[in-house]
Amino acid sequence: MNATTLHLALIGDYHPDVIAHQAIPVALQHAADNLGVSVHAEWLATDSITPTRELHGFDGFWCVPASPYRDTDGALRAIRFAREQRRPFLGTCGGFQHAVLEYARNVLGWADAEHGELAPQATRAVITPLSCTLVEATDTVRLVPYTRIAEAYGTLAIHEGYRCRYGVNPDFASALLEGDLIPSGHDSAGDLRAVELLNHPFFVATLFQPERAALKGITPPLALAMLKACVDAYR
């Protein structure tokens with residue numbers, strides 16, 4: 001395993017002041033050290049992910065916080081690639097929102113699905129402002145048994161911090177989650193905070209930012225689980 005080098009794509013527009021952007025490379029390095037592999041992470045600016053951008057060289061994808069992105073279509077293009085090509089995928093905060101939007105458009109066929117931050121008047125805004133803005137807030141998240149995220153954490157109750165203002169529109173939640181995209185985590189009020197995709201090696205998205213734990217010297221369980229999935233695919 002020591003010779004294994006994993007190539008990860010970080011989908012998002014890097015900014016050095018974004019704490020999550022500082023934390024993600026650290027989280028991946030902690031996870032790689034834990035697994036005894038090497039990891040090479042490459043930031044993919046969303047406006048660089050054109051239809052001709054080659055993505056096959058990446059073992060896994062992480063769609064990162066700090067949206068709106070410069071190019072929504074570029075972000076959705078990379079997420080779709082990870083979903084269709086069965087590459088391990090993790091989406092956090094803005095990555096959660098765009099994973100849901102990509103699924104709505106390209107799996108459910110909702111061509112008019114929109115993100116409420118960009119199109120607040122859209123008839124089918126599947127992502128809308130949260131009833132309680134989750135900025136610098138912490139809460140208990142209860143995980144659904146036998147899901148990827150529950151397996152990663154090894155428990156059904158976790159405590160996480162939020163920095164997000166948008167989440168799934170309750171008006172569309174039932175329709176969004178009646179197929180392969182399933183709810184896998186809810187907060188103490190019962191609101192959706194994590195989803196994952198059935199019949200995929202690893203496709204998990206959270207409204208919280210687990211990567212921040214890495215800045216405290218903790219290996220985030222989801223970073224470790226994603227890299228494990230990449231290693232399994234690599235073999």
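The sections below set out a description of the structure shown in this document. (Residues numbered from 1 in each chain as written. Predicted model: local features only at pLDDT ≥ 70, side-chain atom pairs only at ≥ 80, totals over all residues. Heavy atoms only, no water.)

**What about the side chain of Asp187?**
Thought 1: Structurally, the position occupied by Asp187 is in strand S8 (residues 181-187).
Thought 2: A polar contact is formed between the side chain of Asp187 and the backbone nitrogen of Ala189, at a distance of 2.9 Å.
Thought 3: Among the polar contacts listed, one links the side chain of Asp187 to the backbone nitrogen of Asp191, at a separation of 2.8 Å. (Helix = DSSP H or I, 4+ residues; strand = E, 2+ residues; numbered from the N terminus. Polar contact = N/O pair within 3.5 Å; in protein donor to acceptor, adjacent residues only side chain to side chain.)

**Brief notes about helix H3 (residues 94-106)**
Thought 1: With 13 residues, H3 should cover 18 Å at 1.5 Å per step; its first-to-last C-alpha distance of 18 Å lies within 8% of that length.
Thought 2: Within H3, twelve of the 13 residues are buried, which leaves the element mostly enclosed by the surrounding structure.
Thought 3: Buried within H3 we find Gly94, Gly95, Phe96, Gln97, His98, Ala99, Val100, Leu101, Glu102, Tyr103, Ala104 and Arg105. (Expected span 1.5 Å × (residues − 1). Buried < 20%, exposed > 50% of the residue type's maximum accessible area, 1.4 Å probe, protein only.)

**Remarks on the pattern of salt bridges**
Thought 1: Per the stated rule, a full pass over the model turns up eleven salt bridges.
Thought 2: Between Arg70 and Asp13 there is a salt bridge, with the nearest N and O atoms lying 3.8 Å from each other. Here Arg70 is found in the loop between strand S3 (60-63) and helix H2 (72-84), whereas its partner Asp13 is found in the loop between strand S1 (5-11) and helix H1 (19-35), with 57 residues between them in sequence.
Thought 3: For Asp13, a relative accessible area of 10% corresponds to the buried category. (Salt bridge = Lys/Arg side-chain N within 4 Å of Asp/Glu carboxyl O.)

**Points about the environment of Gly95**
Thought 1: The topology assignment puts Gly95 in helix H3.
Thought 2: Between the C-alpha atom of Gly95 and that of Tyr153, which follows or precedes it by 58 residues, the distance is 20 Å.
Thought 3: Ignoring any residue separated from it by four or fewer positions in sequence, one finds Gly95 in contact with Cys63, Val64, Tyr69 and Phe89. (Contact = heavy atoms within 4.5 Å.)

**Re the nonpolar core**
Thought 1: One finds Ile11, Phe61, Phe89 and Val126 to be the most contacted residues of the largest nonpolar core, which totals 40 residues.
Thought 2: Ignoring sequence-local partners within four residues, the contact set of Ile11 consists of Leu44, Thr46, Ile49, Phe61, Trp62, Cys63, Val64, Ala75, Ala78, Ile79 and Phe89.
Thought 3: Grouped together as the second largest cluster of nonpolar side chains are 33 residues, Leu10, Trp62, Val204 and Leu227 included. (Core = buried A, V, L, I, M, F, W, Y, C linked by side-chain atoms within 4.5 Å.)

**Looking at unusual backbone geometry**
Thought 1: Put simply, Ser67 and Pro68 share a cis peptide bond, and its omega is 10 degrees.
Thought 2: Checked against the element boundaries, Pro68 lands in the loop between S3 and H2.
Thought 3: Located in the positive-phi region is Ala66, a residue other than glycine, with phi close to 85 degrees.
Thought 4: By the element assignment, Ala66 lies in the loop between S3 and H2.
Thought 5: With a phi close to 60 degrees, Asn199 is a non-glycine residue in the positive phi region.

**Regarding H2**
In an α-helix, one turn spans 3.6 residues; hence positions three or four apart end up facing the same way.
Thought 1: Its 13 residues place the ends of H2 18 Å apart at the C-alpha level, agreeing with the 18 Å of an ideal helix rising 1.5 Å per residue.
Thought 2: Listing the buried residues of H2 in full gives Thr72, Gly74, Ala75, Leu76, Ala78, Ile79, Phe81, Ala82 and Arg83.
Thought 3: Residues of H2 that are buried make contact with S1, S3, strand S4 (89-92), H3, strand S9 (192-197) and strand S10 (203-206).
Thought 4: Positioned one or two residues after H2, Arg86 has a phi angle of 60 degrees, which is positive.

**Side note on the packing of aromatic side chains**
In this description, an aromatic ring pair is defined by two values, namely the gap between the centres and the angle between the planes.
Thought 1: Considering all chains together, one arrives at five aromatic pairs under this definition.
Thought 2: When the ring of Tyr14 is compared with that of Trp43, the centres are 4.9 Å apart and the planes differ by 55 degrees; the resulting orientation is tilted. One end of the pair, Tyr14, is in the loop between S1 and H1; the other, Trp43, is in strand S2 (residues 38-44), with 29 residues separating them in the sequence.
Thought 3: Residue classification places Tyr14 among the partly exposed residues on the basis of a relative accessible area of 43%.
Thought 4: Given the relative accessible area of 25%, Trp43 is considered partly exposed.
Thought 5: The rings of Phe58, Phe61 and Phe81 are connected pair by pair, giving a single aromatic cluster. (Phe/Tyr/Trp six-rings, centres within 6.5 Å; stacked < 30°, edge-to-face > 60°.)

Limitation: the analysis is restricted to geometry and does not speak to function.
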